[in-house]
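What follows is each chain in one-letter form.
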Amino acid sequence: MANVKVPYLDLKAQYQSIKSEIDAAISRVLESCQFVLGSEVAAFEQNFAKYCGTAECIALNSGTSALHLALLAAGIEPGDEVITVPFTFVASVAAVLYAGARPVLIDIEPRSFTMDPAAIEAAITPRTKAILPVHLYGQPADMDPIMDIARRHGLIVIEDAAQAHGAKYKGRAVGSIGDMACFSFYPGKNLGAYGEGGAVTSNDPEYAHAIRMLRDWGQDRKYHHVLRGYNYRMEGFQGAVLGVKLRHLDQWTEARRRIVRQYNDLLAHSDVETPVEMPWAQHVYHVYTVRSNDRDGLQAALTGEGIQTGIHYPVPVHMQPAYADLGYGPGAFPHAETAAKQVLSLPLYPELSAQAVAQVAAAVKASAKAPTAATK
Ligand SMILES: Cc1ncc(COP(=O)(O)O)c(C=O)c1O
């Protein structure tokens, strides 16, 4: 893009707004030399558990590691099946394969972009062990029917909350609804580290104990390896940064929601379909995604205006070459496939000005031509 007028994300603006707190936190890690785990990470674990309303939080080196270890702690092993969705970041599905199990995919409900609970029961077999709903874009999946089906069939529920820090389902924080939940703190996330990071939250002390061992080579004490573990520990710098940022998260979420209201108002009578906040949801808008029948044309027009956008995600997991052997072809999940063709994510971050939002909305209205009715 020749001349970026509105970036998709602006991490520098956020750093400038909290620079003194971050610099002090980084200095504390330098002074203590607790570069791996340590007191800053432990304090963040306590505060994030409190934030999610859970007894436990185990800090890790990525959201992918969180999914992997949650699945292992749940006892998932080769031959087992885990039900999840194809319209997600690839990690949700890849982690099931890391555990040696088979991902069984079901379609999304198209307004929420999240797992369609009505499709779950037909996918359950005697080998099914867990359900892994994804709170995509920051909107919780419809957890009540998912939990109900899981309890009736004796299945474990692992929330993929990588995009949904602080989101609520019927007033309950995501991370506290399933048996375990997995978060990513990748820098661009609503709660982002200054490097890789992730965590599992749970109310179950046994899952937490297993994950604490698995992240640190399966040791129950130094050099005594009771499990075959991994090096998935969180770094001290990341714990320190996340501890600072957690204090600002609710205010940033409010800013995101304010910007979304402005976008929704300005785009109400345009040719794009704006996102729907489901009745059960307090959406945290990690991503603001519109649908367009001419998505590629719209993206090109916005690029021409100096407006950066993203596509989350252009190819559903079952149509990715690397996952062709899961055995699902084109046409298997119509809602996921339509979404992949139509979605476009507009710039959204807490520091985005009202003027920039108006500029983006005007550019969308000027370029979008064909009415979009994919979910009607
Ligand atoms: C839905 C979802 N699941 C899992 C992950 C994996 O997290 P990480 O990138 O921290 O490994 C991501 C991150 O992008 C994600 O968006």
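The structure presented is a predicted model; accordingly, all values stated were derived computationally and were not measured. (Residues numbered from 1 in each chain as written. Predicted model: local features only at pLDDT ≥ 70, side-chain atom pairs only at ≥ 80, totals over all residues. Heavy atoms only, no water.)

K.L.:
Give a detailed account of the overall build of the protein chain, specifying residues and quantitative values.
P.N.:
From N to C terminus, the protein chain includes twelve helices and 16 strands. Against the compact-globule benchmark of 21 Å for 376 residues, the protein chain has a radius of gyration of 21 Å, which places it among compact chains. Taken over the C-alpha atoms alone, the protein chain extends approximately 65 × 55 × 35 Å along its principal axes. Burial status across the protein chain gives 57% buried among its 376 residues. Within the protein chain, residue pairs in contact and separated by at least 24 positions form 72% of the contacts whose partners lie at least 6 positions apart. (Helix = DSSP H or I, 4+ residues; strand = E, 2+ residues; numbered from the N terminus. Rg over C-alpha atoms; globule rule 2.2 N^0.38 Å. Buried < 20%, exposed > 50% of the residue type's maximum accessible area, 1.4 Å probe, protein only. Contact = heavy atoms within 4.5 Å.)

K.L.:
Report on the packing of helix 4 (residues 63–73) against helix 5 (residues 91–98), specifying residues and quantitative values.
P.N.:
Packing of helix 4 against helix 5 brings their axes to within 9 Å, and their N-to-C directions diverge by 40°. Judged by the inter-axis angle, helix 4 sits oblique to helix 5. As for how helix 4 packs across helix 5, the hand of that crossing is right-handed. Where helix 4 abuts helix 5, its residues Thr64, Leu67, His68 and Leu71 lie against Ala91, Ser92, Ala95, Val96 and Tyr98. Tallied by class, residues from the contact of helix 4 with helix 5 come to six nonpolar, three polar and no charged. (Axes fitted to C-alpha atoms, helices over the stretch in contact; angles between N-to-C directions. Parallel < 35°, antiparallel > 145°, perpendicular 65-115°, else oblique. Left-handed = near helix turned anticlockwise from the far one by under 90°. Nonpolar A, V, L, I, M, F, W, Y, C, P; charged D, E, K, R; others polar.)

K.L.:
Summarise the environment of glutamine 238; cite the residues concerned and give the values.
P.N.:
Position of glutamine 238 among the secondary structure elements: in helix 8 (residues 236–246). By relative accessible area, which is 4% here, glutamine 238 ends up buried. Between the alpha carbons of glutamine 238 and serine 353 there is a distance of 28 Å; along the sequence they are 115 residues apart. Among residues more than four places away in sequence, those in contact with glutamine 238 are Ala193, Tyr194, Gly195 and Glu196.

K.L.:
Would you mind going over the environment of glycine 195 in detail, with residue names and values included?
P.N.:
By the secondary structure assignment, glycine 195 is in the loop between strand 10 (180–184) and strand 11 (198–202). Judged by its relative accessible area of 22%, glycine 195 falls in the partly exposed class. For the pair glycine 195 and serine 112, spaced 83 residues apart in sequence, the C-alpha separation works out to 30 Å. With residues up to four places along the chain from it excluded, the contact list for glycine 195 reads Phe185, Tyr186, Pro187 and Gln238.

K.L.:
Give a detailed account of the nonpolar core, specifying residues and quantitative values.
P.N.:
Formed by 72 residues in total, the largest nonpolar core has its most connected members in Leu71, Phe87, Ile120 and Val200. Looking at which element gives the most residues to this core, the answer is helix 4, with six residues. Not counting the four nearest positions on each side in its chain, phenylalanine 87 is found in contact with Ile108, Phe113, Leu136, Tyr137, His312, Tyr313, Ala336, Ala339, Ala340 and Val343. (Core = buried A, V, L, I, M, F, W, Y, C linked by side-chain atoms within 4.5 Å.)

K.L.:
Account for the site of the ligand, with residues named and values stated.
P.N.:
Every one of the 16 residues lining the ligand counts as a neighbour, but Gly63, Thr64, Asp160, Ser184 and Lys189 are closest to it. One of the side-chain N or O atoms of lysine 189 is found 2.8 Å from an oxygen atom in the ligand. Alone, the ligand offers 390 Å² of accessible surface; in the complex the protein occludes 92% of this. Elements represented by at least two residues in the shell around the ligand include exactly helix 4 and helix 5. (Near = heavy atom within 4 Å. Polar contact = N/O pair within 3.5 Å; in protein donor to acceptor, adjacent residues only side chain to side chain. Areas by Shrake-Rupley, 256 points an atom, 1.4 Å probe, with all protein chains shown as cover.)

K.L.:
Could you give an account of the sheet that holds strand 7 (residues 156–160), naming the residues involved and the relevant values?
P.N.:
One open sheet holds the seven strands; their spatial order is 1-11-10-7-6-2-3, and the pairing between them is mixed. The open sheet is flanked by strand 1 (56–60) and strand 3 (102–105), the only strands paired with a single partner. Mean inter-strand twist for the sheet, computed between neighbouring axes without regard to direction, equals 25°. Where strand 7 and strand 10 come together, three bridges link them in parallel fashion. Paired with aspartate 160 across the bridge in strand 10 is cysteine 182. (Pairing = 2+ DSSP bridges.)

K.L.:
Any details on the state of the cysteines? Residues and values, ideally.
P.N.:
Taken as a whole, this structure holds zero disulfides when the rule is applied. Residue cysteine 182 stays outside any disulfide, its sulfur separated by 11 Å from that of cysteine 57, the closest cysteine. For cysteine 182, a relative accessible area of 1% translates into the label buried. (Disulfide = S-S within 2.5 Å.)

K.L.:
Before we move on, can you summarise the pattern of salt bridges with the specific residues and values?
P.N.:
Scanning the entire structure with this criterion turns up 19 salt bridges. Two residues, arginine 215 and glutamate 45, come together in a salt bridge whose shortest N-O distance is 2.9 Å. One end of the pair, arginine 215, is in the loop between helix 7 (205–214) and strand 12 (219–221); the other, glutamate 45, is in helix 3 (residues 39–52), and 170 residues separate them in sequence. Take arginine 215 and glutamate 45: they sit in the same class, and that class is buried. In this structure, arginine 152 and glutamate 121 form a salt bridge, with 3.4 Å as the shortest nitrogen-oxygen distance. (Salt bridge = Lys/Arg side-chain N within 4 Å of Asp/Glu carboxyl O.)

K.L.:
With reference to specific residues and values, describe the pairing of strand 10.
P.N.:
Among the five residues in strand 10, five count as buried, and that is most of the element. Burial along strand 10 is two-sided: Met180, Cys182 and Ser184 facing one way and Ala181 and Phe183 facing the other are all buried.

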